[in-house]
Amino acid sequence: KAGVTQTPRYLIKTRGQQVTLSCSPISGHRSVSWYQQTPGQGLQFLFEYFSETQRNKGNFPGRFSGRQFSNSRSEMNVSTLELGDSALYLCASSLLPTSGNTEAFFGQGTRLTVV
Amino acid sequence: QKEVEQNSGPLSVPEGAIASLNCTYSDRVSQSFFWYRQYSGKSPELIMSIYSNGDKEDGRFTAQLNKASQYVSLLIRDSQPSDSATYLCAVKSNQFYFGTGTSLTVIP
């Protein structure tokens, strides 16, 4: 059974550009959550999607957005990149929405560097 | 106040010893609790989940939950150098909240 797949693994972008990251959850999982991980802040919740609907959103500016497709694959987009957006972006896959009793499994992450 | 607090460490134990990792949380309605292991440069890997008060054992790992004290712990018995990693405590209510992790080093 394939795990959570995130693409690309590494990205280097320039300030002001935008970026799109992709996440394919475990087969059969319908919930996808996104996190930003930095050394100083740890894992910060961005948003969660279930059945193509955003269920929860963390405390990030509107430059961070996401969506989920009918096959449960999810994308997140960051516009007008800032240096502080450099981080490891992790996607987590769950069978059910995270409001239920369910475990979350992480993908390998996308390492974004903004220069 | 942070939702989930962990001692950042570093925690060093000799090989074969018991490593004890602790976590406290602030939201009393939290229902589910998890421990993840993260090796340097890698993504978090789920190692234990616990939902009710008491102990849950899985191999060398034991998770302990005390909801009254809002406290979760992870014990690693017979620690191995391969256990050297950062351990993240996660607590779930309407979303996952993660601690910043405890760095564990097992000394051969």
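Up top is the structure these notes are about.
Bear in mind that the values here come from a model prediction, so they are computed numbers and not experimental data.

S.K.: Even after reading the chapter, I still don't get the interface of chain B and chain A, so can you show me in this structure?
M.R.: Accessible area lost on assembly of the parts is the figure often given for the size of an interface. Contacts between the two partners involve 18 residues from chain B, matched on the other side by 19 residues from chain A. Both sides together, the interface formed by chain B and chain A hides about 1600 Å², and carbon and sulfur atoms give 50% of it. Where chain B meets chain A, there are 0 salt bridges. The interface formed by chain B and chain A contains 6 residue pairs in polar contact (both at pLDDT 80 or more). Of all the elements in the fold, those that place two or more residues in the side of chain B that touches chain A are β4 (32-38), β5 (45-50), β9 (85-92) and β10 (96-98) of chain B. Here the residues of the side of chain B that touches chain A sort into 8 nonpolar, 8 polar and 2 charged.

S.K.: What exactly am I supposed to notice about the environment of B:Tyr87 here?
M.R.: Residue and element names in this part refer to chain B. For Tyr87, the position within the fold is in strand β9. Take Tyr87: its relative accessible area is 0%, and that puts it in the buried class. For the pair Tyr87 and Gln38, spaced 49 residues apart in sequence, the C-alpha to C-alpha distance is 6.2 Å. Setting aside residues no more than four positions away along its own chain, Tyr87 makes contact with Gln6, Leu21, Trp35, Tyr36, Arg37, Ile47, Leu74, Ile76, Gly101, Thr102 and Leu104. At 2.6 Å, the side chain of Tyr87 forms a polar contact with the backbone oxygen of Asp83.

The rules we used
Residues numbered from 1 in each chain as written. Chains lettered and ligands numbered in written order. Predicted model: local features only at pLDDT ≥ 70, side-chain atom pairs only at ≥ 80, totals over all residues. Heavy atoms only, no water. Contact = heavy atoms within 4.5 Å. Buried area = accessible area lost by both parts, 1.4 Å probe. Salt bridge = Lys/Arg side-chain N within 4 Å of Asp/Glu carboxyl O. Polar contact = N/O pair within 3.5 Å; in protein donor to acceptor, adjacent residues only side chain to side chain. Helix = DSSP H or I, 4+ residues; strand = E, 2+ residues; numbered from the N terminus. Nonpolar A, V, L, I, M, F, W, Y, C, P; charged D, E, K, R; others polar. Buried < 20%, exposed > 50% of the residue type's maximum accessible area, 1.4 Å probe, protein only.

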